[in-house]
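Residues per chain are reported as follows:
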Amino acid sequence: MLAQSYMGNGDHKTALAFAITAGDTHKQDPQVNQLIADNLLALGNFNQAADYYDQVLSADPKNGHAQFDRGIAAVVLGQDAAAYFDHAKTLDPDYYQKGQSRLKDIQTFLNKQNKDQNQN
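Summarised in this report is the structure supplied together with it. Model, not experiment: these values are computed from the prediction.

1. Some words on the packing of aromatic side chains
Here's step 1: This structure, assessed with the given rule, holds three aromatic pairs.
Here's step 2: Ring centres of F68 and Y96 lie 5.8 Å apart, and the angle between their planes is 90°; this geometry places the pair in the edge-to-face category. Of this pair, F68 sits in helix α5 (residues 64-76) while Y96 sits in helix α7 (residues 93-119), and the two are 28 residues apart along the sequence. This pair shows no difference in class: F68 is buried, exactly as Y96 is.

This is the structure in structure tokens:
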């Protein structure tokens, strides 16, 4: 799939365009929806990414990757992410472990952002 190739090269905008095109004909395909969600997350569109991850998890609740990344979207959106991370840790411990540095970076950024807002 072209979207995966572009995503692998870090071109998330082009990957998203191809993924959305594929999604037009495969609206209920959890793999296509996850690809869309992953690219939206990478581009910082957290509300939309959360919506697509919710669709993925509705079709495939045992998807540890989607559980973890939905948790990341929840953290950024100020939602409770504990259940997503708990499921991810159980379902895909390797992905969960690899994602910990990403999660720490996001939490550090959010803490800095909150601190900066409180100082202004």
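Let us keep going from here.
2. Comments concerning the nonpolar core
Nonpolar side chains in soluble globular proteins tend to end up buried together.
Here's step 1: In this structure, F68, I72, V75 and F85 are the most contacted members of the largest nonpolar core, which totals 27 residues.
Here's step 2: Every element with two or more residues in this core is listed here: α2 (12-25), α3 (30-42), α4 (46-59), α5, α6 (82-91) and α7.

3. Topic: the pattern of salt bridges
Close approach of charged atoms lets side chains of opposite charge pair.
Here's step 1: Under the definition given, this model contains two salt bridges.
Here's step 2: In this structure, the salt-bridge partner of D54 is R70, at a minimum N-O distance of 2.7 Å. Of the two residues, D54 sits in helix α4 while R70 sits in helix α5, which places them 16 residues apart along the sequence.
Here's step 3: Between D69 and R102 there is a salt bridge; the shortest N-O distance is 2.7 Å.

4. Details of the side chain of R70
Here's step 1: When its relative accessible area of 5% is taken as the criterion, R70 is described as buried.
Here's step 2: Of the polar contacts made by the side chain of R70, one reaches the side chain of D54; its length is 2.7 Å.
Here's step 3: Once you skip the residues sitting within four places of it in the chain, R70 turns out to touch A50, Y53, D54, L57, Q79 and Y84.

5. A few points about α4
Counting along an α-helix, one turn takes 3.6 residues, and residues three or four places apart therefore face a common direction.
Here's step 1: For α4, built from 14 residues, the straight-helix expectation of 20 Å at 1.5 Å per residue is met to within 8% by its first-to-last C-alpha distance of 20 Å.
Here's step 2: Among the residues of α4, those classed as buried are A49, A50, Y53, V56 and L57. All buried residues of α4 lie within an arc of 120° about the axis, which places them on one face of the element. In α4, the exposed positions that point more than 90 degrees away from the buried face belong to N47 and S58.
Here's step 3: On its buried side, α4 packs onto α3, α5 and α6.

6. Some thoughts on the packing of α3 against α4
Two numbers describe a pair of packed helices, the interaxial angle and the distance between the axes.
Here's step 1: The N-to-C vectors of α3 and α4 enclose an angle of 155°; their axes lie 8 Å apart at closest approach. Comparing their axes, α4 and α3 come out roughly antiparallel. Remark: the crossing between α3 and α4 carries left-handed chirality. Contacts between α3 and α4 involve P30, N33, Q34, I36, A37, D38, L40 and L41 from the former and F46, Q48, A49, Y52, Y53, Q55, V56 and A59 from the latter.
Here's step 2: Each residue belonging to the contact of α3 with α4 can be placed in one class, and the counts come to 11 nonpolar, four polar and one charged.

Cut-offs and rules
Residues numbered from 1 in each chain as written. Predicted model: local features only at pLDDT ≥ 70, side-chain atom pairs only at ≥ 80, totals over all residues. Heavy atoms only, no water. Phe/Tyr/Trp six-rings, centres within 6.5 Å; stacked < 30°, edge-to-face > 60°. Helix = DSSP H or I, 4+ residues; strand = E, 2+ residues; numbered from the N terminus. Buried < 20%, exposed > 50% of the residue type's maximum accessible area, 1.4 Å probe, protein only. Core = buried A, V, L, I, M, F, W, Y, C linked by side-chain atoms within 4.5 Å. Salt bridge = Lys/Arg side-chain N within 4 Å of Asp/Glu carboxyl O. Polar contact = N/O pair within 3.5 Å; in protein donor to acceptor, adjacent residues only side chain to side chain. Contact = heavy atoms within 4.5 Å. Expected span 1.5 Å × (residues − 1). Arc of directions from axis to C-beta. Axes fitted to C-alpha atoms, helices over the stretch in contact; angles between N-to-C directions. Parallel < 35°, antiparallel > 145°, perpendicular 65-115°, else oblique. Left-handed = near helix turned anticlockwise from the far one by under 90°. Nonpolar A, V, L, I, M, F, W, Y, C, P; charged D, E, K, R; others polar.

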